[in-house]
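Notes for the structure review
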Amino acid sequence: MVNIEAHAYDVVVIGAGGAGLRAAIEARLAGKKVAIISKSLFGKAHTVMAEGGAAAAMGNVNSNDNWQVHFRDTMRGGKFLNNYRMAELHAKEAPDRIWELETYGALFDRTKDGKISQRNFGGHEYPRLAHVGDRTGLELIRTLQQKIVSLQQEDKAKFGDYQARIRVFAECTITELLLEGTGAKKRIAGAFGYYRESGEFVVFEAPAVVLATGGVGRSYKVTSNSWEYTGDGHALALRAGAKLINMEFLQFHPTGMVWPPSVRGILVTESVRGDGGILKNSEGKRFMFDYVPDVFRKQYAETPEEGDRWYTDPDNNRRPPELLPRDEVARAINSEVKAGRGTKAGGVYLDIASRRPAAEILKRLPSMYHQFKELADVDITAQPMEVGPTCHYVMGGVEVDPDTASAGVPGLYAAGEVSGGMHGSNRLGGNSLSDLLVFGKRAGEYAASYTDELAARPKIDDTQVAAAVEAALSPLTREGGENPYTLQSDLQDVMGTLVGIIRRKGELEDSLRQLAELRERIQKVGATGGRRYNPGWHLALDLRNMLVVSECTAKAALEREESRGGHTREDFPKMSATWRKVNLICSLSTEGGVDLAHQPIPTMTPELLGLFEQSELAKYMTEEELS
Amino acid sequence: MTVRQFKVWRGDESGGQLNDYQVEVNEGEVVLDIIHRLQATQEPDLACRWNCKAGKCGSCSMEINGMPRLGCMTRMSTFEEDETITVTPLRTFPVIRDLVTDVSFNYQKALEMPAFAPPKDVEPGEYRMQQVDVERSQEFRKCIECFLCQNTCHVVRDHEENKLAFSGPRLFIRAAELDMHPLDARGDRKEIAQQQQGLGYCNITKCCTEVCPEHIKITDNAIIPMKERVVDRRYDPLVVFGRKILRRDQLTSTAVAEPAVHSGPVTVAEGAAPVNFSRPLSGPPGPEVNAAGHVNLNEMLSDRAAAASPFGDDITFPVDPKTLNYYHPGGADH
Ligand SMILES: Cc1cc2nc3c(=O)[nH]c(=O)nc-3n(C[C@H](O)[C@H](O)[C@H](O)COP(=O)(O)OP(=O)(O)OC[C@H]3O[C@@H](n4cnc5c(N)ncnc54)[C@H](O)[C@@H]3O)c2cc1C
Ligand code: SF4
Ligand code: SF4
Ligand code: FES
């Protein structure tokens with residue numbers, strides 16, 4: 001590795017989204033030398049796309065809100081499959097993390113008395129989402145980005161160099177984690193990657209690595225996710241010996257645009273529904289009242305009149321069913337379309353135009369308005385939108401310790417969308433942005449303290465680096481390899497048609513066969529052109545990550561014989577209390593295939609159980625658990 | 001579906017050329033869709049940045065038929081059926097490859113700009129601000145850092161030499177944002193903008209406002225108020241006196257007056273529009289220097305109250321639009 005650029009850091013954070021930046025800030029505040037690595041430019045990570053808001057029980061709008069209520073909503077949303085401890089920490093710490101952002105310069109929308117305003121969102125009992133119009137993710141990432149700049153300025157004042165303790169490596173992709181030792185002694189030694197700009201390789205020597213790489217949505221064709229979401233962090237963790245949990249649970253956002261094509265996949269934020277938007281089928285019927293499941297019957301309005309009153313008087317009325325958790329809404333839309341009551345493009349209508357005055361829509365949903373006007377010439381203040389389910393978020397991810405965010409391999413941490421457990425089988429809107437902050441901070445903190453306790457820094461193994469170089473170069477040197485874009489599109493077809501929102505046994509088995517074929521083909525992928533900024537080559541390298549993560553999802557989806565949250569089996573349409581007790585765990589077998597194992601879910605503490613009524617628990621749990 | 005003519009610039013810092021392509025175009029597509037189709041079918045190694053495909057991340061900045069635009073926000077239906085569409089990289093920044101340019105200039109300028117200064121003695125969770133007060137800064141925080149404004153600003157567009165002293169409109173709105181932030185503890189944002197960011201180089205051509213995909217009123221709401229208030233404050237005898245005898249942190253900040261309303265919008269003179277944007281303009285002459293060859297940064301040494309204008313002292317606002325490469329969209333009555 002003589003001619004490979006090498007750097008030494010205490011903590012290497014892979015990912016510059018909300019989770020990565022928050023982790024980096026924390027590690028730097030603990031006095032560590034930190035590298036932030038990102039596939040795209042600084043400040044462009046996926047987090048910028050989040051619209052609706054960040055959930056935190058600050059109680060600014062409704063003082064009845066507190067962490068217990070938030071915890072309860074999160075568990076209900078995740079259908080009680082959540083790692084309860086993560087949900088508890090998240091609910092308790094989210095308000096502090098949001099307030100902290102204000103000290104970094106964030107400007108949230110305000111209530112009349114000058115506090116942070118909070119808005120309603122599907123699944124949250126009280127108005128809970130701190131927001132900035134409909135560009136909350138942008139505010140979050142810009143704030144963290146600017147906080148990092150301010151820390152770099154402090155370092156410049158102290159050490160004479162902006163990059164003395166935090167350096168951002170933008171447009172740099174990590175393809176491999178480097179390890180030291182084997183078996184129980186195995187630990188993180190660093191990471192290997194390439195600069196997209198030059199195609200040159202780079203090695204980071206570091207005892208601690210935080211994965212904050214986001215999700216996997218690029219394996220689907222209709223998705224809100226960008227090219228970055230190829231499941232790199234999931235795959236890196238697997239290859240390093242960590243485990244993935246809950247991979248069968250993917251969130252399909254109920255309301256992505258389905259028409260016109262220039263906006264296909266773009267999400268229509270849930271706040272359109274929170275602010276009064278309703279769903280109608282092609283016959284003009286407001287159909288959500290027909291789809292309220294028993295477990296939610298008590299909390300939702302039975303008539304449109306009651307639902308409409310709720311917007312102004314939430315204490316004395318129940319909420320409209322348009323605000324059911326998103327998997328319920330997605331499923332309802334899917335059923336309507338299948339029953340032949342959908343639009344031509346395969347969606348349903350989301351109508352806010354006829355429900356609120358144009359000026360109010362403009363005020364509350366400015367960037368939504370602007371986006372659709374510019375992109376599709378659709379005026380949301382004048383006409384309904386055509387929406388349908390879109391792959392949006394992966395609940396599954398790296399199995400982590402709830403308190404420390406440790407991924408099981410010493411020195412490896414994971415936070416944000418790449419980690420699993422927190423959201424159970426379904427994530428509530430707004431719970432991701434707060435998740436990034438809460439567990440990003442924890443990951444940074446514990447990664448820093450891990451390096452404190454080390455007797456000696458791990459050493460990089462040159463043979464691993466050499467192997468990583470060879471693997472990275474192989475698509476470029478392969479003569480007549482297959483086109484990566486074709487492979488990606490084939491993979492998306494398999495996942496979209498066979499492992500989509502509604503799943504069946506036969507199709508899932510079929511998907512595994514087809515994924516096995518794709519595995520062969522992906523090993524022979526080729527890329528033309530040189531090493532400098534070559535997107536074809538970059539995609540060729542991402543493909544194997546997309547594949548292994550897709551295999552995990554398909555395998556786990558076949559195994560779990562029930563329907564719950566983001567996993568719907570047509571052949572097993574009911575939730576099963578026995579399956580609730582099981583987490584499905586994926587790991588890499590010695591031959592590189594995916595191994596699946598059952599693992600019991602941790603038992604909630606009596607104090608937390610006490611927050612629920614016995615009758616509610618009875619809907620989820622077995623008799624044996626209840627007694 | 002139709003097949004359309006495209007010219008896409010391909011090359012790197014050592015040079016390149018416009019290549020001709022014929023690409024399939026479907027109803028409702030945007031330019032970025034076409035670039036993606038080119039990658040998937042003809043040119044797998046065509047370099048182009050993008051992330052969100054929704055106008056939210058500011059990655060896909062490029063020049064389309066010479067206009068700085070987001071590729072994902074430019075609908076194909078805005079072009080004539082038989083029009084050839086020319087796609088080139090941003091001109092102001094060095095090319096890395098194809099449509100990808102080195103935009104590190106912008107990050108460097110951001111690094112040099114003093115960060116938000118949290119108010120002392122206000123605990124997290126105790127921040128109280130009124131919506132009307134945060135809205136002014138919020139407008140600027142909509143910025144998606146596409147750097148189209150930076151790319152279009154003539155001060156640096158063909159003047160590499162100005163990059164050292166000039167931070168550009170993206171950073172001017174950041175300065176204005178912090179200046180208008182209800183709780184920012186620093187009182188010298190305008191002075192910084194003038195003295196360190198080169199606000200004086202800006203002659204309010206409004207080209208930046210015109211290209212901003214977020215429709216931020218960069219000039220009217222940020223640059224002009226920042227300029228006007230620098231002038232206000234420097235003329236205020238009390239403040240000038242205070243500066244002479246007090247350290248800055250001992251100054252009681254005088255309540256900043258509402259920015260004087262800028263004189264009505266610039267109208268385009270009859271027959272002067274549309275403007276030829278590539279018409280060569282003489283660059284800014286550079287600020288006045290003292291005997292030692294330095295700019296008079298300290299107002300105590302300068303012979304006038306405001307910072308030296310690179311355009312001389314006799315400039316009046318609004319600038320005569322006939323002298324500018326600027327055409328206000330919507331025409332004279334806009
Ligand atoms: C359209 C949309 C709307 C949403 N709205 C909301 C909302 O309203 N509320 C909410 O709570 N959540 C929302 N979400 C979800 C939320 O935005 C994401 O889950 C969250 O931003 C993920 O953040 P992250 O920090 O985990 O990762 P990201 O922000 O995605 O960042 C991932 C980072 O990892 C880097 N990376 C990935 N792989 C590599 C590699 N191999 N090498 C180096 N770097 C790598 C990427 O470059 C990137 O910087 C929304 C998501 C989308 C797509
Ligand atoms: S108004 Fe003109 S000169 Fe001033 S920053 Fe904008 S583009 Fe540059
Ligand atoms: S101000 Fe507008 S044009 Fe300039 S970088 Fe921001 S969004 Fe882009
Ligand atoms: S791809 Fe994000 S702005 Fe165009």
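Sequence order sets the numbering: in each chain, residues are counted from 1 along the sequence as written. To read the labels, note that chains go from A and ligands from 1, taken in the order they are written. Per-residue local features of the predicted model are confined to residues with pLDDT of at least 70, and side-chain atom pairs are confined, for both listing and counting, to 80 or more; whole-chain, interface and lining totals are unaffected and use all residues.

**Focus on the overall build of chain B**
- In DSSP terms, a helix is any run of H or I states spanning at least four residues, a strand is any run of E spanning at least two, and both are numbered starting from the N terminus. Looking only at helices and strands, one finds 10 helices and seven strands in chain B.
- By definition, residues are in contact whenever their C-beta atoms, placed on the basis of the backbone, come within 7 Å of each other. Taking the intrachain contacts of chain B between residues at least 6 apart in sequence as the baseline, contacts between residues at least 24 apart amount to 66%.

**Regarding the overall build of chain A**
- In terms of regular secondary structure, chain A is built from 19 helices and 23 strands.
- As a reference, a globule follows 2.2 Å times the number of residues to the power 0.38, and the radius of gyration itself is taken over C-alpha atoms. Its C-alpha atoms give chain A a radius of gyration of 24 Å, near enough to 25 Å, the size a compact globule of 627 residues would have.
- Buried, partly exposed and exposed are defined by the number of other C-beta atoms within 10 Å of a residue's own C-beta, namely 20 or more, between the two limits, and 12 or fewer respectively, with C-beta atoms placed from the backbone. Counting only residues that meet the buried cut, chain A has 60% of its 627 residues in that class.

**Details of the sheet that holds strand β11 (residues 208-211) of chain A**
Residue and element names in this part refer to chain A.
- For two strands to pair, DSSP has to find at least two bridges joining them. Ordered by their spatial adjacency, five strands build an open sheet running β7-β3-β2-β11-β18, and the pairing between neighbours is parallel. Every other strand in the sheet has two partners, leaving β7 (166-169) and β18 (412-414) as the edge strands with one partner each. Averaged over all pairs of adjacent strands, the angle between strand axes in this sheet comes to 20 degrees, irrespective of strand direction.
- The pairing of strand β2 (residues 11-14) with β11 spans four bridges and is classified as parallel. Counterpart to Ile14 in the pairing with β11 is Leu211.
- To obtain each axis, a line is fitted to C-alpha atoms, and for helices this fit is confined to the stretch in contact; angles are then taken between N-to-C directions over 0 to 180 degrees. Contacts between helix α1 (residues 18-29) and the sheet are confined to β2, β3 (34-37), β7 and β11, with β3 contributing the most and set at about 170 degrees to the helix.
- Along the sheet, helix α5 (residues 232-240) makes contact with β2, β11 and β18, crossing β18 at roughly 150 degrees.

**Notes on the site of ligand 1**
Residues and elements named next belong to chain A.
- Around ligand 1 lies a shell of 43 residues, among which Gly15, Gly17, His46, Gly214 and Gly416 are the nearest.
- For the shell around ligand 1, the secondary structure elements donating two or more residues are α1, β8 (172-180), α5 and α11 (431-452).
- Per-element accounting of the shell around ligand 1 gives the leading share, four residues, to α11.
- Three classes are used, and their members are as follows: Ala, Val, Leu, Ile, Met, Phe, Trp, Tyr, Cys and Pro are nonpolar, Asp, Glu, Lys and Arg are charged, and the others, Gly among them, are polar. Here the residues of the shell around ligand 1 sort into 15 nonpolar, 23 polar and five charged. Any residue whose C-beta atom, as placed from the backbone, lies within 6 Å of a molecule or strand is termed near it.

**Section: the site of ligand 3**
Residues and elements named next belong to chain B.
- Neighbouring residues of ligand 3: 17 residues in total, closest Cys143, Cys146, Leu148, Cys149 and Cys212.
- Elements supplying a minimum of two residues to the shell around ligand 3: α4 (148-152) and α6 (169-180).
- With three residues, α6 is the single largest residue contributor to the shell around ligand 3.
- Across the shell around ligand 3, the residue classes tally to 13 nonpolar, one polar and three charged.

**Overview of the pairing of strand β4 (residues 67-70) of chain B**
Residue and element names in this part refer to chain B.
- Both strand β3 (residues 61-64) and β4 contribute to a ladder of four bridges, which runs antiparallel. Residue Ser61 lies in a different strand from β4, and its bridge partner there is Leu70.
- Hairpin connection between β3 and β4: a loop of two residues separates the two successive antiparallel strands, and Asn65 in this loop has a positive phi of roughly 50 degrees.

**Looking at the environment of Arg167(A)**
- Among the secondary structure elements, Arg167(A) is positioned in strand β7.
- For the pair Arg167(A) and Ile36(A), spaced 131 residues apart in sequence, the C-alpha to C-alpha distance is 6.2 Å.

**With respect to the domain arrangement of chain B**
Residues and elements named next belong to chain B.
- Structurally, chain B comprises domain 1 (2-100) and domain 2 (103-323).
- Contacts between the two partners involve 12 residues from domain 1, matched on the other side by 14 residues from domain 2.
- Residues of the side of domain 1 that touches domain 2, tallied by class, amount to six nonpolar, four polar and two charged. For every domain, the bounds stem from an assignment made automatically or drawn from a database.

**Describing the domain arrangement of chain A**
Residues and elements named next belong to chain A.
- Taken domain by domain, chain A consists of domain 1 (253-391) and domain 2 (477-579).
- Its C-alpha centre places domain 1 at a distance of 30 Å from the equivalent point of domain 2.
- Of the residues lining the interface, five residues belong to domain 1; the matching set on domain 2 comes to five residues.
- Per element, the largest residue contribution to the side of domain 1 that touches domain 2 is four residues, and it comes from helix α8 (residues 326-341).
- Grouping the constituent residues of the side of domain 1 that touches domain 2 by class yields two nonpolar, one polar and two charged.

**Considerations on the interface of chain A and chain B**
- The interface is formed by 50 residues belonging to chain A together with 45 residues belonging to chain B.
- Looking at the side of chain A that touches chain B, the elements with two or more residues in it are α3 (84-103), α4 (136-159), α10 (366-376) and α15 (535-559) of chain A.
- For the side of chain A that touches chain B, the element with the highest residue contribution is α4(A), accounting for eight residues.
- In terms of residue class, the side of chain A that touches chain B is built from 20 nonpolar, 17 polar and 13 charged.

**Points about the packing of helix α2 (residues 67-77) of chain A against α3(A)**
Residue and element names in this part refer to chain A.
- α3 packs onto α2 with a crossing angle of 140 degrees between their chain directions and a minimal axis gap of 8 Å. As summarised for this structure, α2 and α3 are arranged oblique, according to the angle between their axes. Along this stretch, α2 crosses α3, giving a crossing that reads as right-handed. Contact residues: Trp67, His70, Phe71, Thr74 and Met75 in α2; Tyr84, Ala87, Glu88, His90, Ala91 and Lys92 in α3.
- Taken together, the residues of the contact of α2 with α3 sort by class into six nonpolar, three polar and two charged. An angle below 35 degrees is read as roughly parallel, one above 145 as roughly antiparallel, one from 65 to 115 as roughly perpendicular, and any other as oblique. We call a crossing left-handed when the near helix sits turned anticlockwise from the far one by less than a right angle, and right-handed when that turn is clockwise.

**Quick notes on the packing of α3(A) against α11(A)**
Residue and element names in this part refer to chain A.
- One can describe the packing of α3 onto α11 by two numbers: an axis separation of 9 Å at closest approach and a directional angle of 95 degrees. When the interaxial angle is binned, α3 and α11 end up roughly perpendicular. Here Leu89, His90, Glu93, Ala94 and Arg97 of α3 lie close against α11, whose contacting residues are Ser434, Asp435, Leu437, Val438 and Lys441.
- When the residues that make up the contact of α3 with α11 are grouped by side-chain class, the tally is four nonpolar, two polar and four charged.

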